[in-house]
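# Examination of the molecular architecture
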Amino acid sequence: HVNRIYDLTRFFLDRTAFGEGLSEQEKEQISMAAIMHDVGKIAVPKEILYKPARLSEEEFEEVKKHVDYGYDILHNSPGEIIQIAADIAQQHHERYDGRGYPSGLTGENIPIYAKIASVADSFDAMTSDRQYRKGMPIEQAKDEIIRNIGTQFDGDVARAFVTILERDTDIILNEAMNLGK
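Residues numbered from 1 in each chain as written. Predicted model: local features only at pLDDT ≥ 70, side-chain atom pairs only at ≥ 80, totals over all residues. Heavy atoms only, no water.

With that settled, the discussion passes to the overall build of the protein chain. The helix and strand tally for the protein chain stands at 10 helices and 0 strands. Radius of gyration (C-alpha) of the protein chain: 16 Å, near the 16 Å computed for a compact globule of 181 residues. Structurally, the protein chain occupies a C-alpha span of about 40 × 40 × 30 Å along its principal axes. Counting the 181 residues in the protein chain, one finds 43% classified as buried. Across the protein chain, the fraction of contacts at a sequence separation of at least 24, relative to all contacts at a separation of at least 6, is 56%. Total accessible area on the protein chain stands at roughly 9,400 Å², and carbon and sulfur atoms take up 49% of it. Taking the average location of the 21 positive side-chain charges in the protein chain and that of its 32 negative ones, the two points are 5 Å from each other. (Helix = DSSP H or I, 4+ residues; strand = E, 2+ residues; numbered from the N terminus. Rg over C-alpha atoms; globule rule 2.2 N^0.38 Å. Buried < 20%, exposed > 50% of the residue type's maximum accessible area, 1.4 Å probe, protein only. Contact = heavy atoms within 4.5 Å. Areas by Shrake-Rupley, 256 points an atom, 1.4 Å probe, with all protein chains shown as cover. Lys, Arg positive; Asp, Glu negative; His and termini not counted. Charge placed at Lys NZ, Arg CZ, Asp CG, Glu CD.)

Printed below as a string of C-alpha cells:
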C-alpha cells in the first residue's frame, strides 16, 4: 500500500499542474511524506486492523484515531519532510465538505498535500483487495472519485487525478501500481 501511495503521489506530481514549479527534490519529499499517512495505525489494535469483516461503530472510532496517533508520532521532528508527513497523517481523512475527521476541516483549509494523499489513498483502497472484499475495477473507482468531487474530494485535485487515470491508465497499471501483474 505505501509503495503504491508513493507511486501514485509521485505520478500525480510529475504529470499535473500541481507539480509545476516543484523541484525533483520537493516532489520526492512530498511523495515520501505521503507514504507515512497511516503511520498512526501502529497504535490501533491488530484485531481491529485485520478484522476480516465490517468494523463495528466502536471499532471504526478506534481506527479513526490513527490520524492523531500519526500526527503525534511525527510532528516533533525538525525535518521538513516529516512536518509535511505529520500534516498528511492527520488530515488525509478530512473531507472537502467538512464531514471528515479529525477536525472537520473544509475546502481550502485542508493542505494541498493532504488532499493529494486523500485521493491517492482512496483510489488505492478502492482498487485493492481487502480481507472483507474484492477491489473494484479502475473505471469504477474513477467514477467514485468523480461522484465525490465537492463532498469528499477537492474538485481540482480529483479532476487532475482522473485525467491522469484516463490518459495514463496503462502506465499506472504496469509501472506505478503494478496492478496489471
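By the definition in use, this model includes 19 salt bridges. Between Asp14 and Lys27 there is a salt bridge, and its shortest N-O distance comes to 3.5 Å. Residue Asp14 is located in helix α1 (residues 2–15), and its partner Lys27 is located in helix α2 (residues 24–34); the two are separated by 13 residues in the primary sequence. On the accessibility criterion, Asp14 (35% relative accessible area) is partly exposed. Judged by its relative accessible area of 10%, Lys27 is buried. In this structure, a network of salt bridges that share partners links the residues Arg10, Asp14, Glu24, Lys27 and Glu28. (Salt bridge = Lys/Arg side-chain N within 4 Å of Asp/Glu carboxyl O.)

This part takes up the packing of α1 against α2. Interaxial distance between α1 and α2 falls to 8 Å at its minimum, and their mutual angle equals 145°. The handedness of the crossing between α1 and α2 comes out as right-handed. The residues of α2 that touch α1, namely those facing Ile5, Tyr6, Thr9, Arg10, Leu13 and Asp14, are Glu24, Lys27, Glu28, Ile30, Ser31, Met32 and Ala34. Its residues assigned to classes, the contact of α1 with α2 shows 6 nonpolar, 2 polar and 5 charged. (Axes fitted to C-alpha atoms, helices over the stretch in contact; angles between N-to-C directions. Left-handed = near helix turned anticlockwise from the far one by under 90°. Nonpolar A, V, L, I, M, F, W, Y, C, P; charged D, E, K, R; others polar.)

What tends to happen in soluble globular proteins is that the nonpolar side chains get buried as a cluster. Within the largest apolar cluster, 32 residues are counted, with the highest numbers of intra-cluster contacts made by Phe12, Leu74, Ile88, Val119, Phe123, Ile145 and Phe161. Of all the elements in the fold, those that place two or more residues in this core are α1, α2, α6 (80–91), α7 (112–127), α8 (138–147) and α9 (155–167). Ignoring anything within four residues of it in the chain, the contact list for Ile145 reads Val119, Phe123, Met126, Phe153, Ala158, Phe161 and Val162. (Core = buried A, V, L, I, M, F, W, Y, C linked by side-chain atoms within 4.5 Å.)

Right, let's talk about the packing of aromatic side chains for a bit. For the structure shown, the criterion picks out 4 aromatic pairs. Lying across the ring of Tyr101, Lys64 places its NZ or CZ 5.1 Å from the centre. (Phe/Tyr/Trp six-rings, centres within 6.5 Å; stacked < 30°, edge-to-face > 60°. Lys NZ or Arg CZ within 6 Å of the ring centre and 35° of its normal.)

Below, the discussion takes up the environment of Ile110. Positionally, Ile110 belongs in the loop between α6 and α7. Sequence separation of Ile110 and Arg95 is 15 residues, and the distance between their C-alpha atoms is 8.2 Å. Once residues lying within four places of it in the same chain are set aside, the contact partners of Ile110 are Gln91, Glu94, Arg95, Tyr96, Leu105 and Lys115.

On to helix α4 (residues 57–64), then. Those residues of α4 that sit buried are Glu59, Glu62 and Val63. Projection of α4 onto a plane perpendicular to its axis shows the buried side chains occupying an angular sector of 100°, all on one side. Among the exposed residues of α4, those oriented more than 90 degrees off its buried face are Glu57 and Glu58. Buried residues along α4 sit in contact with α3 (46–49) and α5 (66–74). (Arc of directions from axis to C-beta.)

The omega torsion of the bond from Tyr101 to Pro102 falls at 15°, within 30 degrees of zero and hence cis. One can find Pro102 in the loop between α6 and α7.

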